[in-house]
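Summary of structural features
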Amino acid sequence: GESVGLHLPTLSVQEGDNSIINCAYSNSASDYFIWYKQESGKGPQFIIDIRSNMDKRQGQRVTVLLNKTVKHLSLQIAATQPGDSAVYFCAEMRTGGFKTIFGAGTRLFVKA
Amino acid sequence: GAVVSQHPSWVICKSGTSVKIECRSLDFQATTMFWYRQFPKQSLMLMATSNEGSKATYEQGVEKDKFLINHASLTLSTLTVTSAHPEDSSFYICSANPDGSGTYNEQFFGPGTRLTVL
């Protein structure tokens, strides 16, 4: 069935290193993807998004890459900081509405 | 930026009772809101789409008679968990899209409500 999932459930990185979080999706009709950050006991926080007609988008310290050929999405965080420790979700938003389908999530640990 | 609030932030109830959770858009109107459920160490699962002035649309497997949704105004949607049982204990999160928003990223999430059913 349709799904948006992740390759790695947990990721541990050293402070200052770059982090890469991966995501696979199965619905080739999806046209919009979003990365969210969720801290414990809080709602998701928007990080960055990308449309299906793009393959890369950069924000402040974050970059999202989209490979439609293999249906793969990644989030790159540069110079990871302790405040980046959280669970990260990729999500897809489908045409016809703003309904968002979330992937499984990756917990990022940043070691000082 | 736009703010979505939820009330209460946490609630503990006895098995068999009903619990109402409110989702409010504080500085914008939202014809459409969404309700999600999140179990520990799991992802957010979409439960239903709440539509102002019409019936909610439920995702497959979500019991509409158990999870009652009322979108009475353009700034308020409520989720009532009826006859709650321990397996309904979860983190309930809502989101809202500002009316007239033409960009996909205009979706704002509430802080969540932790429900514990004893």
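Let us look at the structure shown here. (Residues numbered from 1 in each chain as written. Chains lettered and ligands numbered in written order. Predicted model: local features only at pLDDT ≥ 70, side-chain atom pairs only at ≥ 80, totals over all residues. Heavy atoms only, no water.)

**Some thoughts on the state of the cysteines**
- Taken as a whole and assessed by the stated rule, the structure comprises two disulfides over all chains.
- Paired by a disulfide, cysteine 23 of chain A and cysteine 90 of chain A hold their sulfur atoms 1.9 Å apart. Measuring handedness by torsion sign, the sulfur bridge of cysteine 23 of chain A and cysteine 90 of chain A sits at about 50° and is right-handed. Of the two residues, cysteine 23 of chain A sits in strand E3 (residues 19-25) while cysteine 90 of chain A sits in strand E9 (residues 86-93), which places them 67 residues apart along the sequence. Each member of the pair, cysteine 23 of chain A as well as cysteine 90 of chain A, is classed as buried.
- Two residues, cysteine 23 of chain B and cysteine 94 of chain B, share a disulfide whose sulfurs are 2.0 Å apart. Since a negative S-S torsion denotes a left-handed disulfide, the cysteine 23 of chain B-cysteine 94 of chain B link at about 80° is right-handed. Of this pair, cysteine 23 of chain B sits in strand E3 (residues 19-25) while cysteine 94 of chain B sits in strand E9 (residues 90-97), and the two are 71 residues apart along the sequence. (Disulfide = S-S within 2.5 Å. Helix = DSSP H or I, 4+ residues; strand = E, 2+ residues; numbered from the N terminus. Buried < 20%, exposed > 50% of the residue type's maximum accessible area, 1.4 Å probe, protein only.)

**Remarks on the interface of chain B and chain A**
- Each partner contributes residues to the interface: chain B has 20 residues there, and chain A has 21 residues.
- In total, chain B and chain A occlude about 1,600 Å² of area from one another, counting both sides; carbon and sulfur atoms represent 59% of this.
- Linking chain B to chain A there are zero salt bridges.
- Where chain B touches chain A, the interface holds four residue pairs in polar contact (both at pLDDT 80 or more).
- Counting residues per element, the ones that place at least two in the side of chain B that touches chain A are strand E4 (32-38), strand E5 (44-51) and E9 of chain B.
- By residue class, the composition of the side of chain B that touches chain A is nine nonpolar, 10 polar and one charged. (Contact = heavy atoms within 4.5 Å. Buried area = accessible area lost by both parts, 1.4 Å probe. Salt bridge = Lys/Arg side-chain N within 4 Å of Asp/Glu carboxyl O. Polar contact = N/O pair within 3.5 Å; in protein donor to acceptor, adjacent residues only side chain to side chain. Nonpolar A, V, L, I, M, F, W, Y, C, P; charged D, E, K, R; others polar.)

**Focus on the sheet that holds strand E7 (residues 67-73) of chain B**
Residue and element names in this part refer to chain B.
- Strand order in the open sheet formed by four strands is E1-E3-E8-E7, with antiparallel pairing between adjacent strands. The open sheet has two edge strands, strand E1 (4-7) and E7, and neither has a second partner. Neighbouring strand axes in the sheet, compared pairwise and without regard to direction, differ in orientation by 20° on average.
- As judged from the four bridges shared by E1 and E3, these two strands associate in the antiparallel manner. Bridging across to E3, histidine 7 finds its partner in glutamate 22. (Pairing = 2+ DSSP bridges. Axes fitted to C-alpha atoms, helices over the stretch in contact; angles between N-to-C directions.)

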